[in-house]
Amino acid sequence: MNEELTPRRAVPEHHRRNIWIIVVVAVVVVCGGGVGVAYGTGFWPFSSTAQNTPTPTPPSFGPRVIQTPTPTPPPVLEPLPTWPLTGVGGDVVDRPALVVKIENSSDARPQEGLESADIVYEEMVEGGISRFAAIFNSTLPPRIVPIRSVRPMDGPITAWTGGVLAFSGGQAQFTSRAQNDGLQLLSMDAGAKGFSRVSGRASTHDVAGDPAAFLAQADSSHQSPPPPFAAFDTDGSGSTAQRQGTMTSQVSVTISSIAHPSWSWDASSGRWLRSEGNTPAKDAAGDQLSASNVLVLGVQVQYLAGTDAAGNHIPESIVVGQGSGIVVSGQMSAPITWQKADESSPWQFLDATGAPVTLTPGNTWIELVPNSGTWSVS
């Protein structure tokens, strides 16, 4: 008996399509195309839509440009302003020069305030004693003692500063001359402010002065700072004495039979120390007076017809014209010449070649040595 065969169930059309897709994918995988090929062709059986992966852009390997930063230029440093009478840099104050007549007899020592002067001229007066015309500008001490009278050459010596001259006493012909040379006069006898007397000194050696009070009285024609005194070594190339001179440790000066100032080189401080003869010259605080530069200038001296109260003929140092001398700076000294066109003109100092003398920045003492005097270095 023949059994009836069970008829096959018809496979739906969509099932047949999926079966073919699976077969094709399997063949591709087996042949090495891998899933990536199937995915790339869009025939991914588990997704209802085709997947498209963007092709990455390869990196560019062109020439590399290196940006070099522009260097910042170093700041331009302005040179420090310098004080006109010393060449020392710092916070310079525009104020007039103050000239003060200071006594130098043995009874007047030790002086007070003299160590602060930028420039000190030592001149011979009657009887062979010396007296100072001290110029203050960069430093004003609290007090100056003892202040004395004017002499005939004080105007010609200091008028170039265009400043204020403070003094106690003086003949009318000398004070008028200083005023005509361009200085403003502040006299204790005329009642100017800033003068006083101190205790502990004899009556002729006790006049004190207040520098700030003196300068506060400067009129409108005497407010300007002084012109430069000289050229100063501000670049480290050396002063004239250091570049052209010879080694020196001692400078001895004879102004008269009474006045014998001398200067000794002090290596520890790099300064010249002053003595009166063989006695160290000290200030009121006990410190020895010193200088960065010493100028020794030979001058002609004439005696006036009149006399002082003690009957001495009054000498006048002639500072208009020219003469010879030496400059001492560092541990060296060199010959120089000086010139002065007229009483109000500045001093000019020239080296052996005729070039302006260069000084070490700092204070300067100037010895005005009469033609009867001498100086020597060793």
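One numbering rule holds for all chains: residues counted from 1, following each sequence as written. Local features in this predicted model are restricted to residues of pLDDT 70 or higher, and side-chain atom pairs are both shown and tallied only at a pLDDT of 80 or more, whereas totals for entire chains, interfaces and linings draw on every residue. Hydrogens are left out, water is left out, and the side-chain values use all remaining heavy atoms of the structure.

Across its full length, the protein chain holds six helices and 22 strands. Only protein chains enter the calculation, and the probe is 1.4 Å; a residue is then buried if its accessible area is under 20% of its type maximum, exposed if over 50%, and partly exposed in between. The burial tally for the protein chain puts 44% of its 378 residues in the buried class. Pairs at least 24 apart in sequence give 62% of the contacts found in the protein chain among residues at least 6 apart. Note on areas: these come from Shrake-Rupley sampling with a 1.4 Å probe, and a residue is covered only by the protein chains present in the view. As displayed, the protein chain has an accessible area near 19900 Å², and 55% of this comes from carbon and sulfur atoms. Working definition: helices are DSSP H or I runs of at least four residues, strands are E runs of at least two. Numbering for both runs from the N terminus. The contact definition used throughout considers only heavy atoms, calling two residues in contact when any of these lie within 4.5 Å.

Time to look at the environment of Thr86. Relative to the helices and strands, Thr86 is located in the loop between α2 (34-41) and β1 (98-103). Linking Thr86 and Ser292, residues 206 residues apart in sequence, is a C-alpha distance of 9.3 Å.

Burial of the side chains of strand β4 (residues 164-167) extends over both faces: Val164 and Ala166 are buried on one face and Leu165 and Phe167 on the other. The pairing of β1 with β4 spans three bridges and is classified as parallel. Across the sheet, residue Leu98 finds its bridge partner in β4, namely Val164. Sheet topology note: the β4/strand β5 (residues 184-187) ladder contains four bridges and is parallel. Across the sheet, residue Val164 finds its bridge partner in β5, namely Gln184. DSSP bridges decide pairing: two strands pair if at least two such bridges lie between them.

Our next topic: the pairing of strand β11 (residues 261-266). Note: strand β10 (residues 250-254) against β11, three bridges, orientation antiparallel. Residue pairing across strands places Gln250 opposite Ser264, the latter belonging to β11. In this structure, the hairpin formed by β10 and β11 is closed by a connection of six residues. Here β11 pairs with strand β12 (residues 271-276) via six bridges, running antiparallel. The residue bridging Trp263 from the neighbouring strand is Arg274, located in β12. Hairpin connection from β11 to β12: four residues lie between these consecutive antiparallel strands, with Gly270 at a positive phi of about 65°.

Now for the environment of Gly306. Along the chain, the position of Gly306 falls in strand β15 (residues 293-307). The class for Gly306 is partly exposed, based on a relative accessible area of 38%. Setting aside its immediate chain neighbours within four residues, Gly306 contacts Asn312, His313 and Ile314.

A few words now on the confidence of the model for the protein chain. Note that predicted coordinates carrying low pLDDT should not be read in detail. On average, the protein chain scores 87 in pLDDT, and the residues at 70 or more come to 82%. Residue-level confidence of the predictor is summarised by pLDDT, bounded by 0 at the bottom and 100 at the top. Averaged pLDDT values for the elements of the protein chain fall to 40 in α2 and rise to 99 in strand β21 (residues 364-370). This model gives residues 1-11 a pLDDT under 50, and the stretch forms one contact once residues within four places in sequence are excluded. A low-confidence stretch, residues 20-50 (pLDDT under 50), is modelled with 15 contacts involving residues beyond four sequence positions or located in other chains.

Only protein atoms enter the calculation, which uses a 1 Å grid: trapped sets of points that fit a 1.4 Å probe without letting it out are cavities, open sets showing protein on both sides within 12 Å along at least five of seven lines are pockets, and any residue with an atom within 4 Å of a point is a lining residue. Grid points are joined across faces, edges and corners, and a volume is the space filled by probe spheres set on the points. Quantified by volume, the largest pocket comes out at close to 240 Å³. What lines the largest pocket is a set of 17 residues, and nearest its centre among them are Asn104, Ser105, Ser106, Ile129 and Ile258. Each residue gets one of three labels, nonpolar for Ala, Val, Leu, Ile, Met, Phe, Trp, Tyr, Cys and Pro, charged for Asp, Glu, Lys and Arg, and polar for the others, Gly among them. Taken together, the residues of the lining of the largest pocket sort by class into three nonpolar, seven polar and seven charged.

Turning our eyes to something else, we now look at the side chain of Glu316. For Glu316, the position within the fold is in strand β16 (residues 313-318). Distance and chemistry together define a polar contact, namely a pair of N or O atoms within 3.5 Å, with one atom able to donate a hydrogen and the other to accept it when in protein, and with adjacent residues in sequence counting only for side-chain atoms on both sides. Within polar-contact distance, the side chain of Glu316 engages the side chain of Arg177 at 2.9 Å. Those residues within four positions of Glu316 in sequence are excluded, and the remaining contacts are Pro152, Met153, Arg177, Gln300, Val301, Gln302 and Leu304.

Attention now moves to helix α4 (residues 172-180). Within α4, the full set of buried residues consists of Phe174, Thr175 and Ala178. Take α4 and look down its axis: the buried residues cluster within an arc of 95°, on one side only. Among the exposed residues of α4, those oriented more than 90 degrees off its buried face are Ala172, Gln173 and Asn180. Positive backbone phi, approximately 115°, marks Gly182, located one or two places after α4. Comment: arc refers to directions from the helix axis out to C-beta atoms.

What follows concerns the packing of aromatic side chains. Any two of the Phe, Tyr and Trp rings considered here, Trp counted by its six-membered ring, make a pair once their centres fall within 6.5 Å; the pair's planes then place it as stacked at under 30 degrees, edge-to-face at over 60, or tilted in between. This structure, assessed with the given rule, holds nine aromatic pairs. Consider the rings of Phe132 and Trp365, whose centres lie 5.2 Å apart with planes at 80°: the pair is edge-to-face. One end of the pair, Phe132, is in strand β3 (residues 130-136); the other, Trp365, is in strand β21, with 233 residues separating them in the sequence. Trp365 matches Phe132 in its accessibility class, with the two residues each being buried. Judged by centre distance (5.4 Å) and plane angle (65°), the ring pair of Trp263 and Trp365 falls under edge-to-face. In this pair, Trp263 sits in strand β11 while Trp365 sits in strand β21, placing the two residues 102 residues apart along the sequence. Residue Trp263 is classed as buried on the basis of its relative accessible area, which comes to 0%.

Turning our eyes to something else, we now look at the nonpolar core. By nonpolar core we mean a set of buried residues, namely Ala, Val, Leu, Ile, Met, Phe, Trp, Tyr and Cys, connected to one another through side-chain atoms within 4.5 Å. Among the nonpolar cores identified, the biggest contains 76 residues, and Tyr121, Phe229, Leu295, Leu297, Trp347 and Leu368 are the most heavily contacted of them. A per-element tally of this core places β15 first, with six residues. The contacts of Phe229, once residues within four sequence positions are left out, are Pro84, Leu85, Ile119, Tyr121, Trp160, Leu295, Trp347, Phe349, Leu359, Thr364 and Ile366.

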